[in-house]
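# Architecture and fold: a report
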2 protein chains.
Amino acid sequence: MNLPPLCEAFVLHFGEMGSRWGVNRTVGQIYAVLFIAETALCADDLVDRLGISRSNVSMGLKELQSWNLVRQRPVAGDRRDFFTTPDDIYSIVRTLVNERKKREIDPTLSMLRELLMQTPANAQEEHAQSRLKDMHELIELLTAWYADIEKLETDRLIQLLSLGSKVARILEVKDRIFALPGGKGRQTPSSTPNRG
Amino acid sequence: MNLPPLCEAFVLHFGEMGSRWGVNRTVGQIYAVLFIAETALCADDLVDRLGISRSNVSMGLKELQSWNLVRQRPVAGDRRDFFTTPDDIYSIVRTLVNERKKREIDPTLSMLRELLMQTPANAQEEHAQSRLKDMHELIELLTAWYADIEKLETDRLIQLLSLGSKVARILEVKDRIFALPGGKGRQTPSSTPNRG
DNA sequence: CTCAGTTTTCAGACATTCCTGAAAGTAGAG
DNA sequence: CTCTACTTTCAGGAATGTCTGAAAACTGAG
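Here we summarise the structure given alongside this text. Computed from a prediction, not measured in an experiment: that's the story for all the values here.

Right, let's get into helix α4 (residues 54-66) of chain B. Residue and element names in this part refer to chain B. For α4, with 13 residues, the first-to-last C-alpha span of 19 Å sits near the 18 Å given by 1.5 Å per residue. By the burial criterion, the buried members of α4 are Val57, Gly60, Leu61 and Leu64. One face of α4 carries all of its buried residues, which in axial projection span an arc of 100°. Within α4, the exposed residues directed more than 90 degrees away from the buried face are Met59 and Lys62. At its buried positions, α4 is contacted by α2 (25-36), α3 (43-50) and β3 (78-84). Phi turns positive one or two residues past the end of α4, at Asn68, with a value near 60°.

Listed by partner, the interface residues are 74 residues for chain B and 76 residues for chain A. Approximately 7000 Å² of surface area, both sides summed, lies buried where chain B meets chain A, with 69% of it carried by carbon and sulfur atoms. At the boundary of chain B with chain A, the tally comes to two salt bridges. In this structure, Arg20 of chain A engages Glu104 of chain B in a salt bridge whose closest nitrogen and oxygen atoms are separated by 3.7 Å. Linking chain B with chain A are 18 residue pairs in polar contact (both at pLDDT 80 or more), by the criterion used here. At the level of secondary structure, the elements contributing two or more residues to the side of chain B that touches chain A comprise α1 (5-20), α2, α5 (89-117), α6 (123-150), α7 (154-163) and α8 (166-179) of chain B. Taken together, the residues that form the side of chain B that touches chain A break down as 42 nonpolar, 14 polar and 18 charged.

Residues and elements named next belong to chain A. Sheet topology places strand β1 (residues 41-42) next to strand β3 (residues 78-84); two bridges connect them, and they run antiparallel. When the sheet's bridge partners are listed, Leu41 is paired in β3 with Phe83. With four bridges joining them, strand β2 (residues 71-75) and β3 adopt antiparallel strand pairing. By the bridge assignment, Arg71 is partnered in β3 with Thr84.

Another aspect to go through is the protein's contact with DNA strand D. Close to DNA strand D lie 15 residues, the nearest being Arg54 of chain A together with Asn24, Thr26, Ser53 and Ser55 of chain B. For DNA strand D, the fraction of protein-proximal atoms (within 4 Å) that sit in sugar or phosphate groups is 59%. Between DNA strand D and Lys62 of chain A there is a distance of 3.2 Å, counted from a phosphate oxygen to a side-chain nitrogen or oxygen. Among the elements of the structure, α4 (54-66) and β3 of chain A together with α4 of chain B are those that each provide at least two residues to the surface near DNA strand D. The biggest single contributor to the surface near DNA strand D is α4 of chain A, with four residues. Grouping the amino acids of the surface near DNA strand D by side-chain chemistry returns two nonpolar, seven polar and six charged.

Here α1 of chain B is 16 residues long and its end C-alpha atoms lie 23 Å apart, about the 22 Å a rise of 1.5 Å per residue gives. Among all positions of α1 of chain B, only Leu6, Cys7, Phe10, Val11, His13, Gly15, Met17 and Gly18 of chain B are buried. Looking at the buried side of α1 of chain B, the elements it contacts are α5 (89-117) and α6 (123-150) of chain A together with α2 and α3 of chain B.

Now for the relation of the copies chain B and chain A. Both copies of the chain are tied together by a single rotation about an axis and a shift running along it. The transformation that overlays chain B on chain A combines an axial shift of 0.0 Å with a rotation of 180°, and the residual RMSD is 0.1 Å. Here the symmetry operator amounts to a two-fold rotation axis. Within chain B, the C-alpha atom positioned nearest to the axis of rotation is that of Trp21 of chain B, 2.8 Å from it. Both copies present the same face, since 97% of the interface residues in chain B are matched by interface residues at the equivalent positions in chain A.

Evaluated as defined, the whole model comprises ten aromatic pairs over all chains. A centroid spacing of 6.4 Å and a plane angle of 25° characterise the contact between Tyr31 of chain B and Phe35 of chain B, whose relative ring orientation is stacked. You can see Tyr31 of chain B and its partner Phe35 of chain B sitting in helix α2, four residues apart, about one turn around the helix. Since its relative accessible area comes to 7%, Tyr31 of chain B is described here as buried. Following the ring pairs from residue to residue traces out a cluster consisting of Phe10, Phe14, Tyr31 and Phe35 of chain A. The side chain of Arg103 of chain B reaches across the aromatic face of Trp67 of chain B, ending 3.9 Å from its centre.

We now examine a nonpolar patch on the surface. Together, Val173 and Ile177 of chain A together with Ile177 of chain B make up an exposed nonpolar region whose accessible area comes to about 210 Å². For Ile177 of chain A, the location among the structural elements is in helix α8 (residues 166-178).

On to unusual backbone geometry. Phi at Asn68 of chain A takes a positive value of approximately 60°, unusual for a residue other than glycine. Along the chain, Asn68 of chain A falls in the loop between α4 and β2.

The next point concerns the protein's contact with DNA strand C. For DNA strand C, the set of nearby residues contains 15 residues, the closest of which are Asn24, Thr26, Ser53 and Ser55 of chain A together with Arg54 of chain B. If you look at DNA strand C and keep only atoms within 4 Å of the protein, 58% of those are sugar or phosphate atoms. A distance of 2.7 Å separates a base oxygen of DNA strand C from a polar side-chain atom of Ser55 of chain A. With respect to DNA strand C, the side chain of Ser58 of chain B contributes an N or O atom lying 3.1 Å from a phosphate oxygen. Going through the elements one at a time, α4 of chain A together with α4 and β3 of chain B are the ones with two or more residues in the surface near DNA strand C. Ranked by residues supplied to the surface near DNA strand C, first place goes to α4 of chain B with four residues. Residues that form the surface near DNA strand C fall into these classes: two nonpolar, seven polar and six charged.

Rules and cut-offs
- Residues numbered from 1 in each chain as written.
- Chains lettered and ligands numbered in written order.
- Predicted model: local features only at pLDDT ≥ 70, side-chain atom pairs only at ≥ 80, totals over all residues.
- Heavy atoms only, no water.
- Helix = DSSP H or I, 4+ residues; strand = E, 2+ residues; numbered from the N terminus.
- Expected span 1.5 Å × (residues − 1).
- Buried < 20%, exposed > 50% of the residue type's maximum accessible area, 1.4 Å probe, protein only.
- Arc of directions from axis to C-beta.
- Contact = heavy atoms within 4.5 Å.
- Buried area = accessible area lost by both parts, 1.4 Å probe.
- Salt bridge = Lys/Arg side-chain N within 4 Å of Asp/Glu carboxyl O.
- Polar contact = N/O pair within 3.5 Å; in protein donor to acceptor, adjacent residues only side chain to side chain.
- Nonpolar A, V, L, I, M, F, W, Y, C, P; charged D, E, K, R; others polar.
- Pairing = 2+ DSSP bridges.
- Near = heavy atom within 4 Å.
- Least-squares fit on C-alpha atoms with pLDDT ≥ 70 in both.
- Phe/Tyr/Trp six-rings, centres within 6.5 Å; stacked < 30°, edge-to-face > 60°.
- Lys NZ or Arg CZ within 6 Å of the ring centre and 35° of its normal.
- Patch = residues over 30% accessible without salt bridge, like charges linked within 9 Å, V, L, I, M, F, W, Y side chains within 5 Å.
- Areas by Shrake-Rupley, 256 points an atom, 1.4 Å probe, with all protein chains shown as cover.

See the structure below:
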């Protein structure tokens, strides 16, 4: 691996992580190299830095492109393809989440919905359905939340995340100010905002 | 596979998902069977329902236990071990997130910190560090947010998630309330949110 | 202690995934 | 059209991961 030690350490770790998150080691390493690269790189740069075969790089880049995780950028006067990752790390995370949602969450939701429509044939299936319903509701809650949050500008998002659960206290303030009767959906939390 | 069709469909899908999320298919299937089971099951129940070898079940359960994802529950008058998943799906998610954090996020954070402490040997390493810094900050932001959120009671959590980005609007309300001149004797959050 | 019922371990068969070199494909320049 | 520089595809060997049966280890009862 033809990289300065600091870079190599990162690339190796990132490859390892990749393999725990459903992409193979090499793909993770390719991404890592692109992520920390100063400029756009071509396939042969990756061959050189990672010490893997040209065809492996080609397959890896193809996979990363299918995830929308790398961008192909033309370089004037050069016929080769050059690749980069976005500068904005928040946009990277958004892409990653959206792709995983599309590939894993959405199919899971439709499977769950389908199974929940079926008429249970016995007690065992009936009980299974009640569990699947819980799971379905939870995933819907999380994805709806994310879909909503995703639209925020990065600055607002950071502000929101920094607050963490303090938001819950603001909720209480809100409750007191507007004295909204009842909660949303499921189950109203203890009717009066008890707090001192 | 000795399961009613509805259950089998779920178990197969869940196994498939597991294999995309870093646990092998069988482990995912074992978990799925336990998740929808009406009662605690012993290893042989799993052998029967999944049609896999006893030793495979043993290894799978061992792995699930190392993730704290299944509980071993004694059954009176039976020497065998019986396993369940928690009834509360929110606690399941909390466990899952905590375990992944421990195994993947935390080591990544320490690697990043370590690399950021080094003195860059050249421009390439220096640029890499600035990228790693971005990544480190983002992960810290997310984990701090989660650590905070995790402590909320489930009902409050649901309430919060249901609001989604509407919270951002409440933030604006808050900004207006606390921005009132003369009204800042109280506990304004440390940083004054600028950048409207 | 022994025994029977149970769980765990582990070598190696089996299966899947990954990686490579060779060959085929593609596209701009001349 | 041909040449050249580059990219992609793909068969099959290498590496890794998974699963099993047999044997060992454990554990409570007698």
